[in-house]
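# Structure at a glance
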Amino acid sequence: MSEDVRLVAWVRGQVQGVGFRWFTRARALELGGMSGFALNLDDGRVQVVAEGPRERCEGLLDWLRGDDTPGRVDGVTEIWDTPRGGYDGFAIR
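Note that the structure is predicted; figures quoted are calculated from it, not measured.

### Quick notes on helix H1 (residues 20–31)
Taking 1.5 Å of rise per residue, 12 residues should cover 16 Å, and H1 covers 16 Å from first to last C-alpha, within 8% of that figure. Among the residues of H1, Phe-20, Thr-24 and Ala-28 are the ones counted as buried. Down the axis of H1, the buried set is contained in an arc of 70 degrees. They therefore lie on one face. Turned more than 90 degrees away from the buried face of H1, the exposed residues are Trp-22 and Glu-30. The inward-facing, buried residues of H1 contact strand E1 (4–14), strand E2 (35–40), strand E3 (46–53), helix H2 (54–65), strand E4 (72–81) and strand E5 (90–92). Looking at the residues trailing H1, positive phi occurs at Gly-32, about 80 degrees.

Set out below in structure tokens:
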């Protein structure tokens, strides 16, 4: 059994206006078992919050850092925490 975690990631690069949040949601749903959201920030980054089993959150983080994302990712900063709950599915904000 895997522990549930909270992943908060900030994605830098050309990640707004390219469908990044939509594809992030689609990838999270494909991996399954996660809730959270993807949000455009005023400084051009996208914030991704995902809660669920550690291996699935790690899979989402690997995807965020990979070459299969829309736009161009220059870097990802993440923090890990305990889940807070309160999310209904995985949303685009």
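### Brief notes about the UniProt feature "active site" (unreviewed entry) in the protein chain
Under the local residue numbering, the UniProt record ascribes the feature "active site" (unreviewed entry) to Arg-21 and Asn-40. A stretch of 20 residues holds the annotated residues, and the largest C-alpha distance among them is 7.8 Å, short enough that they meet in one place. Inspection of the secondary structure assignment puts Arg-21 in helix H1. If we ignore the near neighbours within four places in the chain, the residues touching Arg-21 are Ala-38, Leu-39, Asn-40, Val-46, Ile-92 and Arg-93. Note that Asn-40 resides in strand E2. A residue is classified by how much of its surface remains accessible, and Asn-40, at 27% relative accessible area, is partly exposed. In this view, Asn-40 contacts Val-15, Gln-16, Arg-21, Arg-45, Val-46 and Arg-93; residues no more than four positions away in its chain are not counted. Within the structure, the side chain of Asn-40 is placed 3.5 Å from the side chain of Arg-21, a separation counted as a polar contact.

The rules we used
- Residues numbered from 1 in each chain as written.
- Predicted model: local features only at pLDDT ≥ 70, side-chain atom pairs only at ≥ 80, totals over all residues.
- Heavy atoms only, no water.
- Helix = DSSP H or I, 4+ residues; strand = E, 2+ residues; numbered from the N terminus.
- Expected span 1.5 Å × (residues − 1).
- Buried < 20%, exposed > 50% of the residue type's maximum accessible area, 1.4 Å probe, protein only.
- Arc of directions from axis to C-beta.
- Contact = heavy atoms within 4.5 Å.
- UniProt positions renumbered as here; feature names shortened; annotations may be inferred.
- Polar contact = N/O pair within 3.5 Å; in protein donor to acceptor, adjacent residues only side chain to side chain.

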